[in-house]
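Chains, contacts and geometry: an overview
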Amino acid sequence: MQEFFKNSPQLMIKQVKEMFEIVIDWETANKYAIYNSKEQKIGFAAERSHGIFHKIIRNIMRSHRSIDIDIWNSENQLVFTGKRPWYFFFSDLIVKDKDEKILGEIKTRFGILKRKYDLFDQNGKVFGSIESYRWRLWTFTIYDHIGKEIGIISKKWGGVLKEVLTDSDQFTIDYSKYQWTDEQRAVLLFSCLSIDLDFFEDNSSSVFSLMD
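Let me begin by describing the structure that accompanies this report. (Residues numbered from 1 in each chain as written. Predicted model: local features only at pLDDT ≥ 70, side-chain atom pairs only at ≥ 80, totals over all residues. Heavy atoms only, no water.)

This part covers the overall build of the protein chain. When you go through the protein chain residue by residue, the secondary structure sums to 6 helices and 12 strands. Sequence-distant contacts, at least 24 apart, represent 44% of the contacts inside the protein chain between residues at least 6 apart. Summed over its atoms, the accessible surface of the protein chain is roughly 11,200 Å², and 56% of this surface lies on carbon and sulfur atoms. (Helix = DSSP H or I, 4+ residues; strand = E, 2+ residues; numbered from the N terminus. Contact = heavy atoms within 4.5 Å. Areas by Shrake-Rupley, 256 points an atom, 1.4 Å probe, with all protein chains shown as cover.)

Right under this line is the structure:
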């Protein structure tokens, strides 16, 4: 686990989109490339696909579906796994290591003006939170357990045309303001994936609706 992060102050996560998915808007399993602060690829994340039935459910339930997502290192070795059950209002995601040991959990919280997540460690204790005002679509601030700002997750905005044509997301996690444990870094990495799945996975249709 420690080897995966290597004390990098930032991680960049780029979603990988398939061309036919862009053309016909038929969502396949999500895939992401992961880079360190030196822009070196250190691994990738991939949503597990369970055949044609899973693809049908995926396109019907969209962002509310249950998800299993794995993270692999650059040597194609499994490092982390995440599991999110089907949800209606609030999504929760459990983070485990390759041996199925729980590292933490991410839980959404109700907010009128803000989108909110609580971050839990392996003992079920809150070690931080993530918040974003609903009108600040691309910035998610990370706080410690007493409310001090200690990091940020940001989505790169590529412009309306690029967002419509590619539907491909790119995020950066800034770890530099706090001494995170590797377990906490893993939870934050999955929280970035949760943000994409919860708020941006259906963005192509929402952008098209703005242009109608």
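You can see lysine 114 is positioned in strand β8 (residues 114-121). One polar contact links lysine 114 to glutamate 131, side chain to side chain, over a distance of 2.8 Å. Sequence-distant contacts of lysine 114, defined by excluding residues within four places in its chain, comprise Glu131, Ser132, Tyr133 and Arg134. (Polar contact = N/O pair within 3.5 Å; in protein donor to acceptor, adjacent residues only side chain to side chain.)

Tracing the backbone shows asparagine 36 in strand β2 (residues 31-36). Looking at asparagine 36, its side chain comes within polar contact range of the main-chain nitrogen of lysine 38, at 2.9 Å. Not counting residues within four places of it along the chain, the set of residues in contact with asparagine 36 comprises Ser8, Gln10, Leu11 and Ile42.

For the rest of this paragraph, the subject is the environment of serine 191. Take serine 191: it is sitting in helix α5 (residues 182-200). Given a relative accessible area of 0%, serine 191 falls into the buried group. In this structure the C-alpha to C-alpha distance between serine 191 and aspartate 92, which are 99 residues apart in sequence, comes to 9.9 Å. Setting aside anything within four residues of it in sequence, one finds serine 191 in contact with Ile106, Leu119, Ile130 and Ile153. (Buried < 20%, exposed > 50% of the residue type's maximum accessible area, 1.4 Å probe, protein only.)

In this section: the pattern of salt bridges. Taken as a whole, this structure holds 9 salt bridges when the rule is applied. A salt bridge links aspartate 198 to arginine 84; its shortest N-O distance comes to 2.7 Å. Of the two residues, aspartate 198 sits in helix α5 while arginine 84 sits in strand β5 (residues 78-84), which places them 114 residues apart along the sequence. Like arginine 84, aspartate 198 is buried. (Salt bridge = Lys/Arg side-chain N within 4 Å of Asp/Glu carboxyl O.)

All told, the structure shown has 10 aromatic pairs when counted by the stated rule. A ring pair is formed by phenylalanine 5 and phenylalanine 80, whose centres lie 5.9 Å apart and whose planes are at 35°; its orientation type is tilted. In this pair, phenylalanine 5 sits in helix α1 (residues 2-5) while phenylalanine 80 sits in strand β5, placing the two residues 75 residues apart along the sequence. Comparing phenylalanine 5 with phenylalanine 80 shows no difference in burial state: the two are buried. Considering the side-chain rings of tyrosine 117 and phenylalanine 199, the 6.2 Å spacing of their centres and the 85° angle between planes classify their relative orientation as edge-to-face. On the criterion of sequence distance, the pair formed by tyrosine 117 in strand β8 and phenylalanine 199 in helix α5 is long-range, its members being 82 residues apart. For tyrosine 117, a relative accessible area of 1% gives the class buried. One aromatic cluster is present, built from ring pairs that chain together Phe4, Phe5, Phe80 and Tyr175. (Phe/Tyr/Trp six-rings, centres within 6.5 Å; stacked < 30°, edge-to-face > 60°.)

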